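A look at the structure
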Amino acid sequence: MVTKDLSVSLCGLQLANPVVPASGTFGFGLELADSFDLNVLGGISLKGTTREARFGNPTPRIAECTAGMINSVGLQNPGIEVLVGEKAPALRRVYRGAIIANISGFSVEEYAYNCGRADACPDIDLIEVNVSCPNVHAGGMAFGTDPASAASVTKAVREVVRNKPVFIKLSPNVTDIVSIAKACENAGADGITLINTLLGMRIDIHKRKPVIANKMGGFSGPAVFPLALRMVYQVAHACSIPVMGCGGVRRAEDVIEMMMAGATAVQVGAENLRNPMACPEIVAALPALMDSLGINSLQEIIGTV
Amino acid sequence: MQKRIFHIESNDAVARDTFRLVLRTDGPVAVRCGQFVDIDIPGYYLRRPISVSDCLPDGVVLYYKVVGEGTKVLSALAPGSPLELLAGAPGVTPAPQRSRTDSITGLGNGFHPEKCGSDALLIGGGLGAAPLYLLARELLAAGKKVTAVLGFNKADEICLTDEFRALGVPVHIATMDGSVGTRGFVTDAIAAAKPAFDRFYTCGPLPMMKAVCAALSAPGEVSLEERMGCGAGFCYGCTVQTASGPRRVCADGPVFDKEEVLW
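This write-up is about the structure you can find in this document. The model shown is predicted, which means the values in this text are computed figures rather than measured ones. (Residues numbered from 1 in each chain as written. Chains lettered and ligands numbered in written order. Predicted model: local features only at pLDDT ≥ 70, side-chain atom pairs only at ≥ 80, totals over all residues.)

1. Some words on the overall build of chain A
The helix and strand inventory of chain A stands at eight helices and 16 strands. Whereas a compact globule of 305 residues would reach a radius of gyration of roughly 19 Å, chain A reaches 18 Å, a difference of no more than 12%. The buried share of chain A, taken over its 305 residues, is 57%. Contacts in chain A between residues far apart in sequence, at least 24 positions, make up 70% of those at least 6 positions apart. (Helix = DSSP H or I, 4+ residues; strand = E, 2+ residues; numbered from the N terminus. Rg over C-alpha atoms; globule rule 2.2 N^0.38 Å. Buried ≥ 20, exposed ≤ 12 C-beta atoms within 10 Å, placed from the backbone. Contact = placed C-beta atoms within 7 Å.)

2. Focus: the environment of Gln299 of chain A
Residue and element names in this part refer to chain A. By secondary structure assignment, the location of Gln299 is in the segment after α8 (278-293). Its 14 C-beta neighbours within 10 Å are what place Gln299 among the partly exposed residues. Leave out the neighbours within four places in its chain, and Gln299 touches Ser7, Val8 and Ser9.

3. Comments concerning the packing of helix α4 (residues 177-186) of chain A against helix α5 (residues 225-238) of chain A
All names here are of chain A. Contact pair α4 / α5: the axes reach a minimum separation of 9 Å and the direction vectors enclose 45 degrees. Considering the angle they form, α4 stands oblique to α5. Considering only the axes of α4 and α5, their crossing is right-handed. Two secondary-structure elements touch here, α4 through Ile177, Val178, Ala181 and Lys182 and α5 through Met231, Gln234, Val235 and Ala238. Taken together, the residues of the contact of α4 with α5 sort by class into six nonpolar, one polar and one charged. (Axes fitted to C-alpha atoms, helices over the stretch in contact; angles between N-to-C directions. Parallel < 35°, antiparallel > 145°, perpendicular 65-115°, else oblique. Left-handed = near helix turned anticlockwise from the far one by under 90°. Nonpolar A, V, L, I, M, F, W, Y, C, P; charged D, E, K, R; others polar.)

4. Describing the interface of chain B and chain A
Taken together, the 29 residues of chain B in the interface contact 29 residues of chain A. Mapped onto the side of chain B that touches chain A, the elements with two or more residues apiece are β1 (2-15) and β13 (239-242) of chain B. Of all the elements, β13 of chain B adds the most residues to the side of chain B that touches chain A, at three residues. Classifying every residue of the side of chain B that touches chain A by side-chain character gives 18 nonpolar, seven polar and four charged.

Below you can see the structure in the form of structure tokens.
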């Protein structure tokens, strides 16, 4: 077998391979450092971080579904200063790949502040902005559900981040994903990550109440893969900035499929929760799969469908 | 953590809706009392965390209750069936150097039998009795005296009492309907039996453990239960607020000092 080239170029960052654990499904990386060699991962997207520390939502935060799960963790995190002062530097000591800070906020000002702090941290390589948070100044409507507000976050962040690529992570809970992606691109985004989770719900029919304490949560898992793939395809073809594909990816075949649809890198989310070794297993399976498909370089297949 | 294949040696009903599952694997097992394993049930998305009731040289004994579809499927699996468990790995060995001869441990932080002075009181509610069995064995091995108080709703749910007695542990039973032992709660049985103890350990329904902690002034440890995502500390799906701030039940617990729990 010819040596396979798994590397991809993402906004000037050279990733050893396109496989990146998605934010919220891999802690701050170090939680898994004793389970496998983290350096097999192309990048790691860290747990979503806000300006202040947050406890998150009450439990139960997790509900099982057919081919997936709902989570309503509620952005539990230690706050931006712990991310840039402790979490990212600690991960950098053991990890050479791309460290991605996932930034949340409840106002445009908070997004800009948090991203500025992440920009100043030498251990962070890329900033991923989660626009699925509710805008406290607009009745709680998520920033990412409206092109204008998604663009306003992107613009504010882009003005403060000088040294790093900025990706906007989009919510699929919208009518027209392409219009939102294009608004972010026009506002200066360097890339798009999609998709975040789909708003879902389960009811315990014995207790006659929602399984999740917060009633609803984000649905993810293999069931959402076709929907995520479709959105990646639409956005990658409509925009000229790179896309990180995310949603329902559980095996090497899904990575190839996402890349053919237009993704430059591919995030693995819920699957980490049922199989903490999912990412290294996918990376290990890629060369043989590439060989069987006649692919020598992953970079070559991006957006070829 | 690590994924390991175990095979079912036996999977038998021992009380109403309650099964005893014996699993064996091809390597040494060294689970500490109060730890759990996370079982992949074929056809279900998330694993099922189940506390370890006893540790065998090459296996584990688990008790589980059929409460939903996943555990119903589990109860129908025949001896010989493989099950993939997420388990712990000795933290000192980096993943690349780990060999198959290294022990398999449990997940999470368990009970602290070493903190008991001379006499331990174990208080279980329902299947909460299960992890207390391995705790009793470790306490006895360290030369401590052990008394168990176990509460059940009805007589047909009683399990593990013979196993505790076989260790030489006095067992006091409370049933809500009074069909066996003291009528009422475990706290009623404790008041009736008046056991001597300098430390207590409890596992069972939250209201029971709250009542136990309110009634007993001795130092105590509480094993919490939460719906989990990853079971290994990185999804933050099972976080509870404690006196020391947010703690993950799976990785920081499941066992906490009673003072830590905010009822």
